[in-house]
Amino acid sequence: QVQLAESGGGLVQPGGSLRLYCVAEGRINSIKDMVWYRQTPGNQRRELVASITRDGTTNYSDSVKGRFTISRDNSKTAITLQMNSLNPEDTAVYSCNAPGVLTPTGIRAFWGQGTQVTVSS
């Protein structure tokens, strides 16, 4: 069994910063890409915020480019999302996703439970 655990969400004032963490644990052989998504209340669709490949190639949505930074640790099973210059439009539940986890039983996708980020004065 593989689990993704997010942490680091909370309440921050506009212009502030937060850092989100996602750690993958369990029977993992390797993980390819890892991705941060976010979902706002009333919106059924998740927005891809940032992604990082195993070799460190990153991709960002236009709405966060230049403000957010995704990184991955040497173990390749944990990622962070540094969020700067936050504004109220960044308020959402942020979820970690690993779409291609190689486990002893095959390749599967996993999601974290999500962490709330609220930007408000």
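What you see is a predicted model, and the numbers here were worked out from it, not measured in a lab.

1. Quick word on the nonpolar core
Trp36, Leu81, Met83 and Tyr94 are the most contacted members of the largest nonpolar core, which totals 30 residues. For this core, the secondary-structure elements that each account for two or more residues are strand E1 (2-7), strand E3 (18-26), strand E5 (34-39), strand E6 (47-52), strand E8 (68-72), strand E9 (78-83), strand E10 (92-103) and strand E12 (115-119). Sort the elements by how many residues they give to this core and E10 lands first, with five residues. Filtering out sequence-adjacent residues up to four positions away, Tyr94 remains in contact with Glu6, Leu20, Trp36, Tyr37, Arg38, Val49, Phe68, Leu81, Met83, Gly114, Thr115 and Val117.

2. Quick word on the pattern of salt bridges
Counted under the stated rule, the structure contains four salt bridges. With a shortest N-O distance of 2.8 Å, Glu47 and Arg38 are connected by a salt bridge. The class for Arg38 is buried, based on a relative accessible area of 6%. Among the salt bridges present, the one from Lys65 reaches Asp62, with a minimum N-O distance of 3.2 Å. One salt-bridge network, in which partners are shared between bridges, spans Arg38, Glu47, Arg67 and Asp90.

3. So, the sheet that holds E3
Spatially, the four strands line up as an open sheet ordered E1-E3-E9-E8, and their pairing is antiparallel. Both outer strands of the open sheet, E1 and E8, are each paired with one neighbouring strand and no more. Taking each pair of neighbouring strands and ignoring which way they run, the sheet shows an average axis angle of 15°. Relative to E3, E1 runs antiparallel, the two sharing six bridges. From the neighbouring strand, Ala5 faces E3, where its bridge partner is Val23.

4. Thoughts on the pairing of E8
Every second residue of E8 is oriented toward a common face, the buried set being Phe68, Ile70 and Arg72 and the non-buried set Thr69 and Ser71. Note: E8 against E9, five bridges, orientation antiparallel. Residue pairing for E9: Ile70 is matched across the bridge by Leu81. Between E8 and E9, which pair antiparallel and follow one another directly, the connecting turn spans five residues, one of which, Lys76, has a positive phi of 70°.

5. Side note on the environment of Gln82
In this structure, Gln82 sits in strand E9. For the pair Gln82 and Phe68, spaced 14 residues apart in the sequence, the C-alpha separation amounts to 5.5 Å. Residue contacts for Gln82: discarding those within four places in its chain leaves Ser17, Leu18, Arg19, Arg67, Phe68 and Thr69. Engagement of the side chain of Gln82 in a polar contact is seen with the side chain of Asn84, the distance being 2.9 Å.

Scoring rules and cut-offs
- Residues numbered from 1 in each chain as written.
- Predicted model: local features only at pLDDT ≥ 70, side-chain atom pairs only at ≥ 80, totals over all residues.
- Heavy atoms only, no water.
- Core = buried A, V, L, I, M, F, W, Y, C linked by side-chain atoms within 4.5 Å.
- Buried < 20%, exposed > 50% of the residue type's maximum accessible area, 1.4 Å probe, protein only.
- Helix = DSSP H or I, 4+ residues; strand = E, 2+ residues; numbered from the N terminus.
- Contact = heavy atoms within 4.5 Å.
- Salt bridge = Lys/Arg side-chain N within 4 Å of Asp/Glu carboxyl O.
- Pairing = 2+ DSSP bridges.
- Axes fitted to C-alpha atoms, helices over the stretch in contact; angles between N-to-C directions.
- Polar contact = N/O pair within 3.5 Å; in protein donor to acceptor, adjacent residues only side chain to side chain.

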